[in-house]
Amino acid sequence: MTTKSLHLRIGIAAILGAAFLAAVAIPNYVSSPSNVGNIILSPVFWPYVLAGLTGIVGFGLVLTAVFSDLTVFDPRDEIAIPVGHAPWLRLAALAVIMGLVMVGLPRLGMVWTCMLAFVACAFLFRTRHPIAALVCAVVVPLLLYAFFAHVAGVAIPQGNFVRLP
């Protein structure tokens, strides 16, 4: 399969998925109260944003496939797929991480558990940027906590040991 046909197929699938979300799934299955004062806090706002971004990316992929000359398959672009037991061991380790997340959520809280899960997954999949992964593992859950707890007013589960303000 050439890169051009891959871009075309993924782009069409993304456009169809975005159209389905915007026309059928979000209006029929996402409930929204009529008294939400701030549009950003509305339960339907972010699904529509994600559907729109998916459609834009789909159109970009289709335009890339139509107007570019990506017809030649370059074997150097191929991803090396590991053989043997390594993929199954990694999948089992990911299942263990998910189990530990479920055990850790009520005890440590969502923020601390997400930080640890992010770090564990980053090193399980051997990131090329371990320092950036550590920084993101701390900053992203804290920023999400700050937004949801202090701006949106959503209660985030706290742990038994360390409570965030």
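The rules behind these values
Residues numbered from 1 in each chain as written. Predicted model: local features only at pLDDT ≥ 70, side-chain atom pairs only at ≥ 80, totals over all residues. Heavy atoms only, no water. Helix = DSSP H or I, 4+ residues; strand = E, 2+ residues; numbered from the N terminus. Buried < 20%, exposed > 50% of the residue type's maximum accessible area, 1.4 Å probe, protein only. Expected span 1.5 Å × (residues − 1). Contact = heavy atoms within 4.5 Å. Phe/Tyr/Trp six-rings, centres within 6.5 Å; stacked < 30°, edge-to-face > 60°. Axes fitted to C-alpha atoms, helices over the stretch in contact; angles between N-to-C directions. Parallel < 35°, antiparallel > 145°, perpendicular 65-115°, else oblique. Left-handed = near helix turned anticlockwise from the far one by under 90°.

Q: When you look at the overall build of the chain in this model, what are you seeing that I'm missing?
A: Within the chain, the secondary structure is distributed over five helices and zero strands. Along the chain direction, N to C, the helices and strands of the chain fall in the order α-α-α-α-α. Looking at the chain as a whole, 18% of its 165 residues are labelled buried.

Q: Would you take a moment to explain helix 4 (residues 110-124) for this structure?
A: Within an α-helix, residues lying three or four positions from one another point in the same direction, as the helix has 3.6 residues per turn. Here helix 4 contains 15 residues, and its C-alpha end-to-end distance of 20 Å stays within 8% of the 21 Å for a straight helix at 1.5 Å per residue. Inspection of helix 4 places Val111, Thr113, Met115, Ala117, Ala122 and Leu124 among the buried residues, and these make up the whole buried set. Here the buried face of helix 4 lies against helix 3 (86-108) and helix 5 (130-151).

Q: Honestly, the packing of aromatic side chains in this entry has me stumped. Any pointers?
A: Each aromatic ring pair is characterised by the separation of its centres together with the angle its planes make. Here the structure, examined in full by the defined rule, presents two aromatic pairs. Their ring planes at 80 degrees and their centres at 4.8 Å tell us that phenylalanine 45 and tryptophan 46 sit as a pair that is edge-to-face. Judged by its relative accessible area of 24%, phenylalanine 45 is partly exposed. For tryptophan 46, a relative accessible area of 43% puts it in the partly exposed group.

Q: Please explain unusual backbone geometry as it appears in this structure.
A: Backbone geometry follows two general trends: most residues other than glycine have a negative phi, and most peptide bonds adopt the trans configuration. Of note in the backbone geometry, arginine 126 takes a positive phi value of approximately 50 degrees without being a glycine. Topologically, arginine 126 is positioned in the loop between helix 4 and helix 5. For arginine 126, a relative accessible area of 63% corresponds to the exposed category.

Q: What's the story with the packing of helix 1 (residues 3-29) against helix 2 (residues 45-67) in this structure? I'm lost.
A: Where helix 1 contacts helix 2, the axes come no closer than 7 Å and their chain directions differ by 155 degrees. With respect to their mutual orientation, helix 1 and helix 2 come out roughly antiparallel. The crossing of helix 1 and helix 2 is left-handed.

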